[in-house]
Amino acid sequence: MAQNEWILDVLSDLNAFAVENGMIALAEQLDDTKLIAAAEIASMKAEVRTPADGKNTRYEPSPGGLGKHQHAR
């Protein structure tokens with residue numbers, strides 16, 4: 001499991017407990033919280049994939065067919 005995704009399991013367990021014990025408002029809040037946590041985890045993963053210079057790059061073959069070069073988007 002990824003570094004931060006364990007929290008999604010914890011929120012699911014808390015949600016199940018809330019439902020089983022008739023805490024409907026809490027269960028609904030935990031559903032919302034799980035969505036927010038998932039979005040933040042995804043955002044953190046996207047930030048990790050961004051190059052240090054902050055530019056998105058793509059790689060294409062050079063016109064001569066040998067090697068590769070970068071193009072800023």
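Keep in mind the model is a prediction, meaning the values are calculated, not measured.

Quick notes on the overall build of the chain
Then comes step 1: Scanning the chain for helices and strands turns up 2 helices and 2 strands.
Then comes step 2: When the helices and strands of the chain are read in sequence order from the N terminus, they spell out α-α-β-β.
Then comes step 3: In the chain, which comprises 73 residues, the share counted as buried stands at 12%.
Then comes step 4: The long-range share in the chain, meaning contacts at least 24 apart out of those at least 6 apart in sequence, stands at 26%.
Then comes step 5: Looking at the chain as shown, the accessible area adds up to about 5900 Å², and 57% of this sits on carbon and sulfur atoms.

Digging into the nonpolar core
Then comes step 1: Counting 7 residues, the largest nonpolar core is built from Leu8, Leu11, Ala18, Ala27, Leu30, Ala37 and Ile41.
Then comes step 2: For this core, the secondary structure elements donating two or more residues are helix H1 (6-20) and helix H2 (24-49).
Then comes step 3: Among the elements that take part in this core, H2 stands out by supplying 4 residues, more than any other.
Then comes step 4: With sequence-adjacent residues up to four places away left out, isoleucine 41 is seen in contact with Asn4, Glu5, Ile7 and Leu8.

A few points about H2
Then comes step 1: Given a rise of 1.5 Å per residue, 26 residues ought to cover 38 Å, and the 38 Å separating the end C-alpha atoms of H2 matches this to within 8%.
Then comes step 2: Among the residues of H2, those classed as buried are Ala27, Leu30, Ala37 and Ile41.
Then comes step 3: Turning to H2, the residues buried within the fold contact H1.

Overview of H1
Then comes step 1: An ideal rise of 1.5 Å per residue puts 21 Å on 15 residues; H1 measures up with 22 Å between its terminal C-alpha atoms.
Then comes step 2: Within the span of H1, buried status applies to Leu8, Leu11, Asn15 and Ala18. Buried residues in H1, looked at end-on, bunch into an arc of 80°, giving them a common side. Exposed positions of H1 whose direction lies more than 90 degrees from the buried face are Asp13 and Glu20.
Then comes step 3: On its buried face, H1 sits against H2.

Considerations on the side chain of asparagine 15
Then comes step 1: Relative to the elements of secondary structure, asparagine 15 occurs in helix H1.
Then comes step 2: Of the residues examined, asparagine 15 reaches a relative accessible area of 15% and is grouped as buried.
Then comes step 3: At 3.0 Å, the side chain of asparagine 15 and the side chain of aspartate 31 are in polar contact.
Then comes step 4: Filtering out sequence-adjacent residues up to four positions away, asparagine 15 remains in contact with Ala27, Leu30 and Asp31.

Definitions and limits used
Residues numbered from 1 in each chain as written. Predicted model: local features only at pLDDT ≥ 70, side-chain atom pairs only at ≥ 80, totals over all residues. Heavy atoms only, no water. Helix = DSSP H or I, 4+ residues; strand = E, 2+ residues; numbered from the N terminus. Buried < 20%, exposed > 50% of the residue type's maximum accessible area, 1.4 Å probe, protein only. Contact = heavy atoms within 4.5 Å. Areas by Shrake-Rupley, 256 points an atom, 1.4 Å probe, with all protein chains shown as cover. Core = buried A, V, L, I, M, F, W, Y, C linked by side-chain atoms within 4.5 Å. Expected span 1.5 Å × (residues − 1). Arc of directions from axis to C-beta. Polar contact = N/O pair within 3.5 Å; in protein donor to acceptor, adjacent residues only side chain to side chain.

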